[in-house]
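# Coordinate analysis (summary)
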Amino acid sequence: MQSFTYERAASAEQAAAAVAAQPDAKFISGGTNLLDLMKLEIERPAHLVDISRLPLDRIEETAAGGLRVGAQVRNSDLAADPRVRSRYPMLTQALLAGASGQIRNKASTSGNLLQRTRCPYFYDRNMPCNKREQGSGCAALQGFNRTHAVLGASEACIAVHPSDMAVAMAGLDARIETISPGGETRTIPIGDLHRLPEATPHVETVLGHGEMIAAVTLPPPPPGRQVYRKVRDRASYAFALVSVAAIVEKSGDRIRSARIAMGGVAARPWRATEAERTLAGAVASDGAFTDAAEAALAGAVGHGGNDFKIPLAKRTMRHTLAAAVESA
Amino acid sequence: MAETDYRNGPTRRAVLEGGVATGVLLATSIPAYAEPAGAVSAAASAAPAPTMPMTLRINAKDLSVELDPRTTLLDALRNHLGLTGSKKGCDHGQCGACTVLVDGRRINSCLTLAAMHEGDEITTVEGLAVGDRLHPVQAAFVARDGFQCGYCTPGQICSAVGMLGEARAGWPSHASADVAAASVALTDAEIRERMSGNICRCAAYPNIVAAIRDAAEGA
């Protein structure tokens, strides 16, 4: 691990200013991803600003009837919150499908959103990786790429965003509140937080240097039954090959509306808007679910090792939609 | 690996280097195996890094120590405070051997900086027993033979203590059919899912699950 200096932030504004003041400074919260990467010298911050004790650890009701989740709320506390469990069960399911009990006790809400990919070539400093070292190439394109993206990838990068939580939040239309070094705040729809790789996969979000996530706001729970389903190589403590978060609202035997997000398929949680359009007004049936799945994956491109993800994602979506309408 | 005044007992390494007959074979392999991250750091930093004074509250004792900011909580415990019960397995949060309790919650001590835990109440496996009376989870591991080589055991035990608290608080898991249910029935499937952050390479899992089931039932 490279040497760094450490400070504990006194306030959100001070933390943002402290990171902005040094080009190689970083926020640290749970540290479960950052320290792992620092040990491997993939991340090499010169200064760490510890934001884990900022008073951003509450979950509050919003006037609109939703919840405002502080950026420092731990993944385990968010998953266990009775309001989240009853009103946003898909979010609890997604959180509990990720990582281990120990890591969920440490990992923060904002850190979960900003975690880096687990692409093995990103982790291997002997291999080219445009995300780790701009312009060095992508070893995954011709390499071991069974865990990689089938949607929204580029010739520069086919890595996926590893979060489960973010997939559920994308389906719930969460909004990300940030604070900048000057104290300004802004709100970013979760679908706009992560960038697709295009030619600059090392730039992963729209956040500026020193801009800190303060909270995630969940709109009131949309009508319909929520289901999060994750498919992975082992039954626990593994990243998603494919995951689907779905909320389906029925009216009689028809689907009034559906919200669908996918994980494990792209560099960001992937909102399947085409599939949602296909389902709106359709009779709830396996045929409609199949049409939705085909629409969601219409633009999918495999890279050899991950070709299986395309049919797997379709089947997972059909299965998840069926589960969501069962008692919707 | 500076020896400090904070050691409160012999380390495994000191015992091995002292020439215990059974340690001869292990002494050549354990140090290299146990400190992979340290080797990288030493090569990467030519000048000695500045240290930070800090006070950590561990097993109800305040311990003051000067540490390089890079020192993980695990390395602080093992290398600077003489508390070698917490084990270094993978050093990347994947195996759970380093699990300790911070303010009653289980975490991977390898994936956090010691400096981040000033002011916290840290409990290691050394702090679970009261005098000679084992913690119920420790006693259950002994009664059920919940280990083979024992290397993962301190982490398994600390993790189980934290996990039982989570279950008592009604936290659901991936194995729970209804995440909104108010209480948890700790079935074997629940125990296995909740303990998936602790790997046992001897695969003593059936006895580990049995020990935790006993502890949960107050047996």
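Owing to the predicted nature of the structure, the values given are computational and were not obtained by experimental measurement.

For the rest of this paragraph, the subject is the environment of L67 of chain B. Residues and elements named next belong to chain B. In this fold, L67 is placed in strand β2 (residues 61-67). Owing to a relative accessible area of 0%, L67 belongs among the buried residues under this scheme. If we ignore the near neighbours within four places in the chain, the residues touching L67 are T51, M52, M54, A76, H80 and A114.

When the UniProt feature table is mapped to this numbering, "domain: FAD-binding PCMH-type" (unreviewed entry) covers residues 1-223 of chain A. Taken end to end, residues 1-223 of chain A is 27% helix and 16% strand, and its two terminal C-alpha atoms sit 48 Å from one another.

Once that is clear, we can look at the side chain of R232 of chain A. Mapped onto the fold, R232 of chain A is located in strand β9 (residues 225-232). In this structure, R232 of chain A is buried with no salt-bridge partner, the nearest side chain bearing the opposite charge being E193 of chain B at 5.0 Å. At 3.2 Å, the side chain of R232 of chain A forms a polar contact with the side chain of H174 of chain B. In contact with R232 of chain A, other than residues within four places in its own chain, are A97, Y237, A238, F239, A240 and L241 of chain A together with H174 of chain B.

On to unusual backbone geometry. Excluding glycine, a negative phi dihedral is what most residues carry, and trans is how most peptide bonds are arranged. Positive phi, close to 55°, is recorded for Y237 of chain A, a residue that is not glycine. Note that Y237 of chain A resides in the loop between β9 and β10 (240-251). By relative accessible area, which is 12% here, Y237 of chain A ends up buried. Its identity as a non-glycine residue notwithstanding, D103 of chain B has a phi of 50°, on the positive side. With respect to the helices and strands, the residue D103 of chain B is situated in the loop between β3 (99-102) and β4 (105-108).

This part takes up the domain arrangement of chain B. Residue and element names in this part refer to chain B. You can read the domains of chain B as domain 1 (12-127) and domain 2 (136-217). Contacts between the two partners involve 17 residues from domain 1 and, on the opposite side, 16 residues from domain 2. On inspection of domain 1 and its partner domain 2, the count reaches 1 salt bridge. Among the ionic pairs, R106 bridges to E166, the shortest N-O distance being 2.8 Å. Seen at the junction of domain 1 and domain 2, the total is 7 residue pairs in polar contact (both at pLDDT 80 or more). Looking at which element gives the most residues to the side of domain 1 that touches domain 2, the answer is β3, with 3 residues.

The next point concerns the packing of helix α12 (residues 286-296) of chain A against helix α13 (residues 309-326) of chain A. Residue and element names in this part refer to chain A. Where α12 meets α13, the axes come as close as 9 Å, and the angle between the chain directions of the two elements is 135°. Classified by the interaxial angle, the pair formed by α12 and α13 is oblique. Remark: the crossing between α12 and α13 carries right-handed chirality. Packed against α12, whose contacting residues are D286, F289, T290, A292, A293, E294 and A296, the element α13 presents K314, M317, R318, L321, A322 and V325 at the interface. When grouped by side-chain class, the residues that make up the contact of α12 with α13 number 8 nonpolar, 1 polar and 4 charged.

A few words on the pairing of strand β2 (residues 25-28) of chain A. Pairing of β2 of chain A with strand β3 (residues 47-50) of chain A involves 4 bridges; the strand directions are parallel. Note on β3 of chain A: the bridge partner recorded for A25 of chain A is H47 of chain A.

This brings us to the environment of A107 of chain A. All names here are of chain A. Looking at the element boundaries, A107 is found in the loop between α6 (101-104) and α7 (109-114). For A107, a relative accessible area of 9% puts it in the buried group. For the pair A107 and L297, spaced 190 residues apart in sequence, the C-alpha to C-alpha distance is 31 Å. Setting aside residues up to four positions removed in sequence, A107 forms contacts with T32, V73, R74 and N75.

This brings us to the pairing of β2 of chain B. Along any regular strand, the residues point their side chains to alternate faces of the sheet. All names here are of chain B. Examined bridge by bridge, strand β1 (residues 52-58) and β2 share 7 bridges and lie antiparallel to one another. Paired with L56 across the two strands is L63, which belongs to β2. Between the antiparallel neighbours β1 and β2 lie 2 residues, among them N59 with a positive phi of about 50°.

Attention now goes to the confidence of the model for chain B. When pLDDT is low, close inspection of the predicted coordinates is not appropriate. All names here are of chain B. In the predicted model, chain B carries a mean pLDDT of 85, and 78% of its residues have values of at least 70. Ignoring residues within four places in sequence, the model shows residues 1-10, a span with pLDDT below 50, making 18 contacts including any to other chains. With pLDDT under 50 throughout, residues 14-44 is counted as low confidence; its partners more than four residues away or in other chains account for 26 contacts.

Take the packing of helix α5 (residues 136-144) of chain B against helix α6 (residues 153-168) of chain B next. Residues and elements named next belong to chain B. Remark: α5 packs on α6, axes separated minimally by 9 Å, with the N-to-C direction vectors making an angle of 130°. Regarding the angle of α5 to α6, the classification is oblique. Helix-helix and strand crossings are classified by hand; for α5 and α6 the assignment is right-handed. Across the interface between the two elements, V137, Q138 and F141 from α5 touch T153, Q156, I157, A160, V161 and L164 from α6.

This part covers the sheet that holds strand β12 (residues 270-271) of chain A. Residue and element names in this part refer to chain A. Within the open sheet, the 4 strands sit side by side as β9-β10-β11-β12. Their pairing is antiparallel. In this open sheet, the two strands that pair with only one neighbour each are β9 and β12. Where β9 meets β10, 8 bridges bridge the pair, whose relative direction is antiparallel. Bridge pairing in β10 places Y228 opposite A245.

The next thing to look at is the nonpolar core. All names here are of chain A. Residues L78, L91, L113, M169, I176 and L218 are the most contacted members of the largest nonpolar core, which totals 37 residues. Contributing elements (two or more residues each) for this core: β5 (67-70), α3 (75-80), α5 (89-96), α9 (165-171), α10 (190-193), β8 (212-218) and β10. No other element matches α9, which puts 6 residues into this core. Not counting chain neighbours up to four residues away, the residues in contact with L78 comprise I59, V69, V73, V84, L91, T92, L95, T109, M165 and M169. L241, A288, A300 and L312 belong to the second-largest nonpolar core, a separate cluster that totals 34 residues.

Definitions and limits used
Residues numbered from 1 in each chain as written. Chains lettered and ligands numbered in written order. Predicted model: local features only at pLDDT ≥ 70, side-chain atom pairs only at ≥ 80, totals over all residues. Heavy atoms only, no water. Helix = DSSP H or I, 4+ residues; strand = E, 2+ residues; numbered from the N terminus. Buried < 20%, exposed > 50% of the residue type's maximum accessible area, 1.4 Å probe, protein only. Contact = heavy atoms within 4.5 Å. UniProt positions renumbered as here; feature names shortened; annotations may be inferred. Lys, Arg positive; Asp, Glu negative; His and termini not counted. Salt bridge = Lys/Arg side-chain N within 4 Å of Asp/Glu carboxyl O. Polar contact = N/O pair within 3.5 Å; in protein donor to acceptor, adjacent residues only side chain to side chain. Domains from an automatic or database assignment. Axes fitted to C-alpha atoms, helices over the stretch in contact; angles between N-to-C directions. Parallel < 35°, antiparallel > 145°, perpendicular 65-115°, else oblique. Left-handed = near helix turned anticlockwise from the far one by under 90°. Nonpolar A, V, L, I, M, F, W, Y, C, P; charged D, E, K, R; others polar. Pairing = 2+ DSSP bridges. pLDDT = per-residue confidence, 0-100. Core = buried A, V, L, I, M, F, W, Y, C linked by side-chain atoms within 4.5 Å.

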